[in-house]
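Architecture and fold: a report
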Amino acid sequence: MENNFDGLKVMVIDDSKTIRRTAETLLQKAGCEVVTAIDGFDALAKIVDHNPDIIFVDIMMPRLDGYQTCALIKNNPDYASKPVIMLSSKDGLFDKARGRIVGSDEYLTKPFSKDELFEAINQYRS
């Protein structure tokens, strides 16, 4: 299936340059406009400027972790309906449950495949 995400704005929040770069490359090839952020604080500032359609957020980040970042996004009425997809390097039930509590919509385990990334976007793009 050909994925065409032309004009879709996707934000990737991860403190790992490798993950940011990998996701950015895959998403840009599929036509997305990609905004990256290195942590929650960086992301919260950029969300206001860029108003992304879908947000991917890493759980383990310094300063403001993925759960806190997701909760802040979901608690803001302007962004509460934005799909937030958590990224984690461990596939744990506890992490998934905790992600649901703060309002995340989906959960991907790193390293994720291109198919998993696109599947998540297909599921949540409006």
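Here the residue index of a chain counts from 1 through its sequence in written order. Thresholds applied to this predicted model are a pLDDT of at least 70 for local features of residues and 80 or more for the giving and counting of side-chain atom pairs; totals over whole chains, interfaces and linings are not thresholded and use all residues. Calculated side-chain values reflect all of the structure's heavy atoms, with hydrogen atoms and water omitted.

Side note on the overall build of the chain
Strands here are runs of E lasting at least two residues and helices are runs of H or I lasting at least four, both read from the DSSP assignment and numbered beginning at the N terminus. Within the chain, the regular secondary structure consists of 5 helices and 5 strands. Counting from the amino terminus, helix and strand elements in the chain follow one another as β-α-β-α-β-α-β-α-β-α. In summary, the chain has a C-alpha radius of gyration of 13 Å against a globular reference of 14 Å for 126 residues, a match within 12%. Scored against the burial criterion, the 126 residues of the chain give a buried share of 47%. Any two residues whose heavy atoms approach within 4.5 Å at even a single point are treated as in contact. Residue pairs in contact within the chain that sit at least 24 positions apart in sequence constitute 59% of those at least 6 positions apart. When charges are counted, neither His nor the chain ends are considered; positive counts come from Lys and Arg and negative counts from Asp and Glu. Charge placement uses NZ in Lys and CZ in Arg. For Asp and Glu, CG and CD serve respectively. Side chains of the chain carry 16 positive and 20 negative charges; the gap between the two charge centres is 3 Å. Within these notes, the globule rule equals 2.2 Å times the number of residues to the 0.38 power, and the radius of gyration is based on C-alpha atoms. Here the term buried applies to any residue with accessible area under 20% of the maximum for its type, exposed to any over 50%, and partly exposed to those in between, with areas from a 1.4 Å probe on protein chains only.

Considerations on the UniProt feature "domain: Response regulatory" (unreviewed entry) in the chain
The UniProt entry lists residues 9-125 under the feature "domain: Response regulatory" (unreviewed entry), expressed in the numbering used here. Its end C-alpha atoms 10 Å apart, residues 9-125 is made of 45% helix and 21% strand. UniProt positions are given in the numbering used here, feature names are shortened, and annotations may be inferred rather than shown by experiment.

Things to note about the packing of aromatic side chains
Each Phe, Tyr or Trp ring, with Trp reduced to its six-membered ring, pairs with another whose centre is within 6.5 Å; inter-plane angles below 30 degrees give stacked pairs, above 60 give edge-to-face pairs, and intermediate values give tilted ones. The final tally for this structure, using the stated rule, is 1 aromatic pair. Residues Phe5 and Phe118 carry aromatic rings whose centres are separated by 5.3 Å and whose planes lie at 75 degrees to one another, so their mutual orientation is edge-to-face. In this pair, Phe5 is assigned in the segment before β1 (9-13) and Phe118 in helix α5 (residues 114-124), connecting sequence segments 113 residues apart. Take Phe118: its relative accessible area is 5%, and that puts it in the buried class.

Description of the packing of helix α1 (residues 17-29) against α5
For the pair α1 and α5, the least separation of the axes is 11 Å and the interaxial angle reads 65 degrees. Two packed elements cross with a definite hand, and for α1 against α5 that hand is right-handed. Between α1 and α5, the contacting residues are Ala23, Leu26 and Leu27 on the first element and Lys114, Leu117, Phe118 and Ile121 on the second. Throughout, the ten residues Ala, Val, Leu, Ile, Met, Phe, Trp, Tyr, Cys and Pro are labelled nonpolar, Asp, Glu, Lys and Arg are labelled charged, and all others, Gly among them, are labelled polar. Here the contact of α1 with α5 is built from residues that sort into 6 nonpolar, no polar and 1 charged. For helices, the fitted line uses only the C-alpha atoms of the stretch in contact; every axis is such a line through C-alpha atoms, and the angle between N-to-C directions lies from 0 to 180 degrees. Each crossing gets its hand from how the near helix is turned against the far one by less than a right angle, where anticlockwise is left-handed and clockwise is right-handed.

Focus: the environment of Val12
Tracing the backbone through its elements, the reader meets Val12 in strand β1. Spatially, the C-alpha atoms of Val12 and Asp39 are 9.6 Å apart, while their sequence positions differ by 27 residues. Filtering out sequence-adjacent residues up to four positions away, Val12 remains in contact with Arg20, Ala23, Leu27, Val34, Val35, Thr36, Ala37 and Phe56.

Brief notes about the UniProt feature "modified residue: 4-aspartylphosphate" (unreviewed entry) in the chain
According to UniProt, the "modified residue: 4-aspartylphosphate" (unreviewed entry) feature falls on Asp58. Mapped onto the elements, Asp58 comes out in strand β3 (residues 54-58). Classification of Asp58 as buried rests on a relative accessible area of 3%. Apart from the residues lying within four places of it in its own chain, the contact partners of Asp58 are Ile13, Asp14, Asp15, Gly66, Leu87 and Lys110.

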